[in-house]
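Chain and residue survey
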Amino acid sequence: MPPDTDADPSVAPLVGRAEDLARLVRTVTGPHPRSAVLCGEEGVGTTRLAREVLAAAGDLGRGRAWVAATRATATIPFGAVVHLLPTAPTADRGQVVHAVARSLTSDVDGRRSVVGVDEAHLLDDASAALVHHLAVTGTAVVVATVRAGVPVPAPVTALWKDGLADRVDVLPLAPEDTAVLAEELLGAPVDGLTQRRLWRLSRGNALYLGELVRSGLATGTLVRRDGVWCWAGPVTAVPRLVEVLAHRLGDQPAGVRDLVDLVAFGEPVDLALLERAGVDADAVEAAEREGLLRTEVSAGGIDVRLAHPLVSTVARARSPVLHRTRVCRRLALAADAGGDGGDALRTAVWHLDGGVAPDPQVLVAAARQALAVLDLPLAARLARAAVDGGGDGEAAAVLATVLVHGGDGDEAEAVLARLDGAAFPDLAELRAWNLAFALGRPADAERILGEAAARGPGAADPVTAARAHFRTLAGDVGEAGSLACGLAERSGTPPPVRLRALLTLCQVQGVQGRYADAVRAGEEAWALAGRLDGGGWSLARDEVRGGLVAAHVGAGRLDAAQRLVEDGQEAATAAGWPSGAAMWTAWRGELALLRGHPRSSLRCLREAVVLAAQEAHPYRDWVTRIAATSRAQAAVLLGRVEEAATAAALAQHLGRPWTGLLDARVTAAAAWVEAARGEVGAAVDTTQRAADHAAAHGQTGWELLLRHQVVRFGAAERVADRLADLGAQVDGALAPWLVAHARAGARHDAAALEEVARGLAASGAGLLAAEAAAHAAVAHRAQGRPAGAARATATARLLAGRCEGARTPALAGLTEPSTLTRRENEIARLAAAGLTNRRIAETLVISVRTVDNTLHQAYAKLGVTGRADLRPLFRPDLGDAEPPAE
């Protein structure tokens, strides 16, 4: 749907209800049709589902009628069904009922019609009796909708209680279905953070989702960037939902409205705290009965929450500033009266919003909590308040940390420069990091580290760890590894420094192709981080996870990498952290590319660039450069050459001293653009330069992958010997197959190339497998073996068919599997599928003799002796290799 429409879910494709719809259609139109009552909360989609059932029944030749009950007709006898009544209805209710029943059958040759009854809980008594009569007599099949949690007329309730109809509870959409519906409403992909936000606010309610999308478009907070929709700004009150929910709130007693306001600004709120704030327990029960609140038992007592997130939006929207201040002050004072401190973060916010000045140390603790859950704006607000309230250097240190992670490099440097470096030695790395990455001042960063190291032995280790980290990002992995190894192996290294060293080792060893060592270092770092942060989220753990992903990818363990990526994506998305979500989305794109799914990869990589742009994090250029590099290759594989060229140029433009680790990959991406433009020779030379750069900087694992790219471009003889040397230095399951691919390609060993294709397919590298099979076909054909060429071509096509339309120089060389004519090819394929000559003749309406003669002609051209030899040519067996998981 174009974005300038009303974003109406009622006209979007039905999402997430396929099984319910199919089951209901079978129920209503089957050999023994039954009525059905669909029960769900307002906006969940019961009406839409009922209409789809009636439409399907009509397609099957059933008569249809639609009844819509409303509040306006609820007090009028037969008000909802007046359009079904006889022209001159009698005063006798029974006669009216029978007349309507006759009209519903006579128009369809006596067959049972299907009657949809929307909002059946609003039926007047007479209409409800009519609906019950239709179902109980079998005159018509009823498909009714009722609102969950509201009174329903007895005749309608009797439909399912007396077994006359099936009751179907229609639940809100699942998160994944909510995302699909959002994309249907907007007509384009929606980034992961926006998907999460829309689900969290709508809770799968289609009506609410449509209103959120409509409001986002109207206010300009829902914007399309690079083909991806994202939410840029706060969620404002949705006008139509405000009207609906405000009406519900307005009907409540003052005590309930007061309670809803308290919970809206403090959710979740402990029941004991509400009681200290003067809330009557009866108000809690009343609000819960009205579906405004819900209570749940927690470790500390009973938590009170709003029944739906949008109730909070409405309650806040209708609260003037003064009222909001009074509400927050009540919460703050009630928390103070409890004496147990409660949740430091929420308590501090209540104090600030309520105008009650808290102790600076409380604000500092709260700011640390906000930083830990990646709520950077809130963390900055709390830290500033702590500084303004007379907080000491610790408050300034927390503020500086938040500013660095938020990308405000200039202010962060101003704060850090005022702090006493001797009193806060741990901030030396933070300041250096900010200077180098956010402000582009690597010389000043090195000066700060030197000054810190000169302060004494205790400061030297953190500085060494920081330098190892910086050298890694710059691409000097040899020096970085030496620095990190010394810290990691020494027994007296402080745990935080050791964690940093292990993380660097994991990253460095992965680039070097020492994947087993990288995994060991990463797993040790993960365990250590868990002991230091108590098992909660931390930036260090996130970086460790990334290092482990890279190690698993290099070793060819794509499934293990995928699990880590999905975990990281979930954590970053749940936290609403754009930079983290961008990094993990880029990894998802990378894995999809490795599996040979360029279309899925391109979507992820576009999204990653959009997500990275939402936050001025110091790593933004790093993440964007990674995503742009892989995006160039994915776009090339789909024939989007200009997009690929733009992405490659962006990756080149973002080159910085501290992103040197990516330089070889960026150059290799430019080679794919050259290949797409037909300049394959130039692409080979460019790739060789990229591999030479990797070799010069000790990036052995990456060099192996880049030399193999030359094999993919058809110049295996230029790199076979070097790949053999690299294969002896790089571990993991993937490297031997890449080396074998080069060796077999250089020797034009078709049989060996087919074996490589099977091995790569089993490892999940479907596109590489397809290319190896295509190379085998060329070798067979060159050596005059048509049967082998046909077999390898069939394998390549089967594998390539799983790769979302990917085209590479190797696959572009695929030709027809043989020199068979169209008829010979058709008959040979059927024979390979196991059909007898007689069955083939019947299928193609030709004689058996023609089938027999044609097959013998095909055997001669293919160089085979019989039909048993056809199957591997047309239906290749890849062993246990399955299509890679999406």
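Calculation criteria
- Residues numbered from 1 in each chain as written.
- Predicted model: local features only at pLDDT ≥ 70, side-chain atom pairs only at ≥ 80, totals over all residues.
- Heavy atoms only, no water.
- Buried < 20%, exposed > 50% of the residue type's maximum accessible area, 1.4 Å probe, protein only.
- Helix = DSSP H or I, 4+ residues; strand = E, 2+ residues; numbered from the N terminus.
- Pairing = 2+ DSSP bridges.
- Axes fitted to C-alpha atoms, helices over the stretch in contact; angles between N-to-C directions.
- Contact = heavy atoms within 4.5 Å.
- Polar contact = N/O pair within 3.5 Å; in protein donor to acceptor, adjacent residues only side chain to side chain.
- Salt bridge = Lys/Arg side-chain N within 4 Å of Asp/Glu carboxyl O.
- Parallel < 35°, antiparallel > 145°, perpendicular 65-115°, else oblique.
- Left-handed = near helix turned anticlockwise from the far one by under 90°.
- Nonpolar A, V, L, I, M, F, W, Y, C, P; charged D, E, K, R; others polar.
- pLDDT = per-residue confidence, 0-100.
- 1 Å grid on protein atoms, 1.4 Å probe; cavity = no way out; pocket = protein on both sides within 12 Å on 5 of 7 lines; lining within 4 Å.
- Points joined across faces, edges and corners; volume = space filled by probe spheres on them.
- Phe/Tyr/Trp six-rings, centres within 6.5 Å; stacked < 30°, edge-to-face > 60°.
- Core = buried A, V, L, I, M, F, W, Y, C linked by side-chain atoms within 4.5 Å.
- Patch = residues over 30% accessible without salt bridge, like charges linked within 9 Å, V, L, I, M, F, W, Y side chains within 5 Å.
- Areas by Shrake-Rupley, 256 points an atom, 1.4 Å probe, with all protein chains shown as cover.
- Lys, Arg positive; Asp, Glu negative; His and termini not counted.
- Charge placed at Lys NZ, Arg CZ, Asp CG, Glu CD.
- Expected span 1.5 Å × (residues − 1).
- Arc of directions from axis to C-beta.

**Brief notes about the pairing of strand β3 (residues 113–118)**
Of all the 6 residues making up β3, 6 are buried; the element is thus mostly covered by neighbouring parts of the structure. Burial of β3 is two-sided: the residues S113, V115 and V117 facing one way and the residues V114, G116 and D118 facing the other way are all buried. Sheet topology note: the β3/strand β4 (residues 140–147) ladder contains 5 bridges and is parallel. Bridge pairing links V117 to A144 in β4.

**Regarding the sheet that holds β4**
Strand order in the open sheet formed by 5 strands is β2-β3-β4-β1-β5, and the pairing between neighbours is parallel. Each edge of the open sheet carries a strand with a single partner, namely β2 (64–68) and β5 (165–169). Taken over all neighbouring pairs, the strand axes of this sheet differ in orientation by 15° on average, direction set aside. Sheet topology places strand β1 (residues 35–40) next to β5; 5 bridges connect them, and they run parallel. Each bridged residue has a counterpart across the sheet, and for C39 the counterpart in β5 is D169. Each of β1, β3, β4 and β5 touches helix α1 (residues 18–29); the most contacted strand, β1, lies at about 150° to it.

**Some details on unusual backbone geometry**
With glycine set apart, most residues show a phi of negative sign, and most peptide bonds adopt trans. Of note, the amide linkage connecting E267 to P268 takes the cis form, showing an omega dihedral of -10°. Mapping P268 onto the fold places it in the loop between α10 (254–266) and β8 (269–270). Backbone geometry places D226, a non-glycine residue, at a positive phi of 55°. With respect to the helices, strands and loops of the structure, D226 is situated in the loop between β6 (222–225) and β7 (228–231). The partly exposed category is assigned to D226, whose relative accessible area is 42%. Even without being a glycine, V845 presents a positive backbone phi close to 55°. Mapped onto the fold, V845 is located in the loop between α42 (837–844) and α43 (848–862). What makes V845 exposed here is its relative accessible area of 71%.

**Focus: the side chain of E703**
Counting through the fold element by element, E703 comes out in helix α34 (residues 700–712). Here E703 falls in the buried class, since its relative accessible area comes to 2%. Engagement of the side chain of E703 in a polar contact is seen with the side chain of R722, the distance being 2.8 Å. Ignoring anything within four residues of it in the chain, the contact list for E703 reads A691, A694, A695, R722 and L726.

**Details of the pattern of salt bridges**
Taken as a whole and assessed by the stated rule, the structure comprises 44 salt bridges. The residue D169 makes a salt bridge to R167 at a minimum N-O spacing of 3.0 Å. A relative accessible area of 40% places R167 in the partly exposed class. Connected through salt bridges with shared partners, the residues D226, R606, R631 and E643 form a single ionic network.

**Describing the sheet that holds β8**
Read from one edge to the other, the open sheet built from 3 strands follows the order β8-β10-β9, with strand pairing classed as antiparallel. With partners counted over all chains shown, the strands left at the sheet margins are β8 and β9 (293–298), one partner each. With 2 bridges connecting them, β8 and strand β10 (residues 301–306) associate as antiparallel partners. Among the inter-strand pairings, V269 is bridged to a residue of β10, identified as V304.

**Section: the side chain of T29**
Looking at where T29 falls in the secondary structure, it is placed in helix α1. Excluding residues that lie within four positions of it along the chain, T29 makes contacts with A57, L60 and R62.

**Quick word on the packing of helix α30 (residues 620–637) against helix α32 (residues 663–676)**
For the pair α30 and α32, interaxial distance at closest approach is 9 Å and the crossing angle is 20°. It follows from the interaxial angle that α30 and α32 lie roughly parallel. The chirality of how α30 crosses α32 is left-handed. Contacts between α30 and α32 involve R625, T629, S630, A632, Q633, V636 and L637 from the former and D663, R665, V666, A669, W672, V673 and A676 from the latter.

**Details of the packing of α10 against helix α14 (residues 321–338)**
Packing of α10 against α14 brings their axes to within 10 Å, and their N-to-C directions diverge by 75°. Classified by the angle their axes make, α10 and α14 are roughly perpendicular. Every residue of α14 that contacts α10 at D258, D261, L262, F265 and G266 is listed here: H323, R324, V327, C328, R330 and L331. Tallied by class, the residues present in the contact of α10 with α14 amount to 5 nonpolar, 2 polar and 4 charged.

**So, the confidence of the model for the protein chain**
Across the protein chain, the average pLDDT comes to 87, with 92% of residues at or above 70. Here residues 1–5 is modelled with pLDDT under 50, and outside its nearest four sequence neighbours on either side it reaches 11 contacts, counting other chains as well.

**Here's the deal with the layout of surface pockets**
Roughly 1,500 Å³ of internal volume is contained in the second largest pocket. By residue number, the principal contributor to the lining of the second largest pocket is helix α22 (residues 457–474), which donates 7 residues. Here the lining of the second largest pocket is built from residues that sort into 30 nonpolar, 6 polar and 7 charged.

**Focus on the packing of aromatic side chains**
Both the distance between ring centres and the angle between the ring planes are used here to describe each pair of aromatic rings. Evaluated as defined, the whole model comprises 4 aromatic pairs. Taken together, a centroid distance of 5.3 Å and an interplanar angle of 75° make the contact between F437 and F470 edge-to-face. Linking F437 in helix α20 (residues 427–438) with F470 in helix α22, this pair joins segments that are 33 residues apart in sequence. Each member of the pair F437 and F470 is classed as buried. Here the aromatic rings of W672 and F713 are separated by 4.9 Å at their centres, their planes lie at 70°, and the arrangement is edge-to-face. Taken together, the positions of W672 in helix α32 and F713 in the loop between α34 and α35 (720–727) put the pair 41 residues apart, joining distant regions of the chain. For W672, a relative accessible area of 1% corresponds to the buried category.

**Comments concerning the nonpolar core**
Nonpolar side chains tend to gather and get buried jointly when the protein is soluble and globular. The biggest cluster of nonpolar side chains holds 158 residues, and the ones touching the most others in it are L382, F437, V549, W622 and L760. If near-sequence neighbours (up to four positions away) are discounted, L760 is found in contact with L734, W737, L738, A765, L768, A769 and A772.

**Some details on a negative patch on the surface**
Taken together, E275, D280, D282, E285 and E288 make up a surface patch of like negative charges. Looking at the negative patch element by element, the count peaks at 3 residues for helix α12 (residues 281–289). Judged by relative accessible area, which is 46%, D280 ranks as partly exposed.

**Notes on the pairing of β10**
In this structure, β9 lies alongside β10, joined through 6 bridges in antiparallel fashion. Within β10, the residue paired with L293 across the bridge is L306. Between the antiparallel neighbours β9 and β10 lie 2 residues.

**Describing the environment of H856**
By the element assignment, H856 lies in helix α43. Look at H856 and you get partly exposed, because its relative accessible area is 48%. Along the sequence, H856 and G866 sit 10 residues apart, while their C-alpha atoms lie 8.0 Å from each other. Engagement of the side chain of H856 in a polar contact is seen with the backbone oxygen of D852, the distance being 2.9 Å.

**Some remarks on helix α21 (residues 442–453)**
Between its first and last C-alpha, α21 extends 17 Å over 12 residues, near the 16 Å set by a 1.5 Å rise per residue. Three or more residues of α21 are buried, namely A445, I448, L449 and A452. All buried residues of α21 fall inside an arc of 95° around its axis, so they share one side.

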